[in-house]
2 protein chains.
Amino acid sequence: MNGAHKREFKDQLFEQFARIGKSVANGHRLEILELLAQAPRTVEDLAREAGLSVANASQHLQVLRRCNVVSVKRNGLYAYYGLASEDVLTLCRVLRRLGEKHLAEVQRLVDAYLTSRQRLEPISCEELLRRIREKAVWVLDVRPRQEYEAGHIAGARSIPLAELKARLKEIPRRKQIVAYCRGPYCVFADEAVAVLSSRGYRAVRLREGFPEWKSRHLPVEAGPGVP
Amino acid sequence: MNGAHKREFKDQLFEQFARIGKSVANGHRLEILELLAQAPRTVEDLAREAGLSVANASQHLQVLRRCNVVSVKRNGLYAYYGLASEDVLTLCRVLRRLGEKHLAEVQRLVDAYLTSRQRLEPISCEELLRRIREKAVWVLDVRPRQEYEAGHIAGARSIPLAELKARLKEIPRRKQIVAYCRGPYCVFADEAVAVLSSRGYRAVRLREGFPEWKSRHLPVEAGPGVP
DNA sequence: CGATTATTCAATAGAATACTTGAGCATTTG
DNA sequence: CAAATGCTCAAGTATTCTATTGAATAATCG
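Residues numbered from 1 in each chain as written. Chains lettered and ligands numbered in written order. Predicted model: local features only at pLDDT ≥ 70, side-chain atom pairs only at ≥ 80, totals over all residues. Heavy atoms only, no water.

Residue and element names in this part refer to chain A. Across four bridges, strand 7 (residues 176-180) lies against strand 8 (residues 202-205) in parallel orientation. In the strand pairing of strand 8, A179 is matched with R205. Where the polypeptide runs from strand 7 across helix 9 (residues 188-198) and back to strand 8, its parallel neighbour, the crossover connection is right-handed. (Pairing = 2+ DSSP bridges. Helix = DSSP H or I, 4+ residues; strand = E, 2+ residues; numbered from the N terminus. Right-handed = clockwise from strand over helix to strand, strands pointing away.)

This is how it looks when you write it as structure tokens:
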């Protein structure tokens, strides 16, 4: 292989890898991937949750599909999109770590939007696991039911944030409550902790979300769970 | 935090993480990062090695610098660029794994440009480490000297590919030779193995390159090494 | 100091991307 | 079968990205 061929090979190879880079070079696509990390979804659901028009969401999904980072399964009228592999999540997580580490703007945003009270003492996955084993904790999944059913921390109960105030009586007063949601920047758990704390429950949030828990191969379940 | 604020927060946060994505959304930038993973370099060196004009390379470096994935240290007339952190390498590696897994084009390129003979039985880092401990192998770094000096596999000798034919007599005839270079898609080691094999040496290549070896915390050295 | 060198900057043209609108297609429902 | 639904596609426009050119800057050398 001579110089010109080497150049051509390298250029084409790096261009291919850059295609994967391009797929995560847009905020809306990152949000779509984060949503898909919770549970497969239809285009309409994704569009609504990410604040996009359906056509626009569909286009972003096509971009992701063209480099096979998402998969699609058609079922009747609906197209269910999902992540193509666990590696896609890894990519998003590395991106997040780099952002936290190297972009001052990220810290600024967190400081600006999340009040310090909301960020009080979250616990880690390891700590939660320890407390679950000691049966010293009541684990609460505050994501939408669909996401809970697609997979949740083993033993966790589901009370979507929207229903929380109406279902307080299901929650034990004595035990410590650990609420979790989609990930470290999702505010569902923060808001749940705020509601519970103000009602006198002992509640904290899990720092991470379900995808992180799962990717560490900690115990998970799927399905409707306990009532 | 109400709905509109949530939306704003999410949009801005994901946009920040997407900035990191944008930094790896271009083949030339990926090549630059791969080069920087070997050793810090000046703009001119990078431009030459990546086949770019100096101004263009400089612009790409500015893009990388704006999101702090590369660092720069000025020394007299020269600006030495380097990777900002180990995480940047992780990002590149995840991108590569996803590309290999999900883009058929990558396999097609490898098949088209690398002859099967060049890809014969590379050995893994673990295997190499085992053989080094048994002193059953002579490890050869065929990267440019500058990269060798910035860091190499502990005990490896440096013979840059360009000098290999002239320095064959330094290489032992009896021992097995393991040549390594920048990474799995770098052809330096392939070509070295081809040269050595045709001269009757027993030579194979390491599947990975030095950055992968280092990131696994296997033994490394830096400096001029043994003569 | 003026010339040289390495790098960056500014301006530009052309390519690619993002979002909207409205139409089109396939499947299901009444 | 017609209407409704969920999704995709095509076209148009605004924006962003890329590479080139030539000038500007800044450190070094004679």
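And the narrative resumes.
All names here are of chain A. Annotation of chain A at the domain level lists domain 1 (3-89) and domain 2 (116-221). A separation of 29 Å is found between the C-alpha centroids of domain 1 and domain 2. With 11 residues of domain 1 in contact, the opposing surface of domain 2 contributes nine residues. A combined buried area of about 780 Å² lies between domain 1 and domain 2, and 46% of that area is made up of carbon and sulfur atoms. Taken together, the connections running from domain 1 to domain 2 amount to two salt bridges. In this structure, the salt-bridge partner of E49 is R182, at a minimum N-O distance of 3.1 Å. Connecting domain 1 to domain 2 are four residue pairs in polar contact (both at pLDDT 80 or more). When contributions to the side of domain 1 that touches domain 2 are tallied by element, the ones reaching two or more residues are helix 2 (27-38), helix 3 (43-50) and helix 5 (86-102). With four residues, the top contributor of residues to the side of domain 1 that touches domain 2 is helix 2. Here the side of domain 1 that touches domain 2 is composed, by residue class, of five nonpolar, one polar and five charged. (Domains from an automatic or database assignment. Contact = heavy atoms within 4.5 Å. Buried area = accessible area lost by both parts, 1.4 Å probe. Salt bridge = Lys/Arg side-chain N within 4 Å of Asp/Glu carboxyl O. Polar contact = N/O pair within 3.5 Å; in protein donor to acceptor, adjacent residues only side chain to side chain. Nonpolar A, V, L, I, M, F, W, Y, C, P; charged D, E, K, R; others polar.)

Before going further, it helps to spend a moment on the protein's contact with DNA strand D. Surrounding DNA strand D, one finds 23 residues, the nearest of these being A:E44, A:S58, A:Y81, B:Q59 and B:H60. Contacts to DNA strand D include B:N56, whose side-chain N or O atom sits 3.4 Å from a phosphate oxygen. One of the side-chain nitrogen or oxygen atoms of B:H60 is found 2.5 Å away from a phosphate oxygen of DNA strand D. At the level of secondary structure, the elements contributing two or more residues to the surface near DNA strand D comprise helix 3, helix 4 (54-66) and strand 3 (78-83) of chain A together with helix 2 (27-38) and helix 4 (54-66) of chain B. Residues that form the surface near DNA strand D fall into these classes: nine nonpolar, 10 polar and four charged. (Near = heavy atom within 4 Å.)

This next bit is on the protein's contact with DNA strand C. Close to DNA strand C lie 24 residues; A:Q59, A:H60, B:E44, B:S58 and B:Y81 are nearest. Between DNA strand C and the protein, one listed contact pairs a sugar or linking oxygen with a side-chain N or O atom of A:N56 at 3.2 Å. Taking B:A79, its main chain carries an N or O atom lying 3.3 Å from a phosphate oxygen of DNA strand C. Of all the secondary structure elements, the ones that give two or more residues to the surface near DNA strand C are helix 2 and helix 4 of chain A together with helix 3 (43-50), helix 4 and strand 3 (78-83) of chain B. Per-class residue counts for the surface near DNA strand C are nine nonpolar, 11 polar and four charged.

We now examine the interface of chain A and chain B. Contacts between the two partners involve 60 residues from chain A, matched on the other side by 60 residues from chain B. A combined buried area of about 5200 Å² lies between chain A and chain B, and 67% of that area is made up of carbon and sulfur atoms. One can count eight salt bridges joining chain A with chain B. Across the salt bridge formed by A:E31 and B:R7, the nearest N and O atoms sit 2.6 Å from each other. Applying the counting criterion to the chain A and chain B interface returns 18 residue pairs in polar contact (both at pLDDT 80 or more). Of all the secondary structure elements, the ones that give two or more residues to the side of chain A that touches chain B are helix 1 (3-23), helix 2, helix 3, helix 5, helix 6 (104-113) and helix 9 of chain A. Of the residues forming the side of chain A that touches chain B, the biggest block, 18 residues, is contributed by helix 1 of chain A. Taken together, the residues that form the side of chain A that touches chain B break down as 27 nonpolar, 13 polar and 20 charged.

Residues and elements named next belong to chain A. Judged by pairing direction, the sheet is parallel, and its four strands sit side by side in the order 6-4-7-8 without closing on themselves. Two strands close off the open sheet at either side, each with one partner strand: strand 6 (157-158) and strand 8. Relative to strand 6, strand 4 (residues 137-141) is paired through two bridges, and the arrangement is parallel. In the strand pairing of strand 6, D141 is matched with S158. Where helix 7 (residues 125-133) meets the sheet, it contacts strand 4 and strand 7, and its direction lies at approximately 125 degrees from that of strand 4. Packing against the sheet, helix 9 makes contact with strand 4, strand 7 and strand 8, and its axis sits at approximately 170 degrees to strand 8. (Axes fitted to C-alpha atoms, helices over the stretch in contact; angles between N-to-C directions.)

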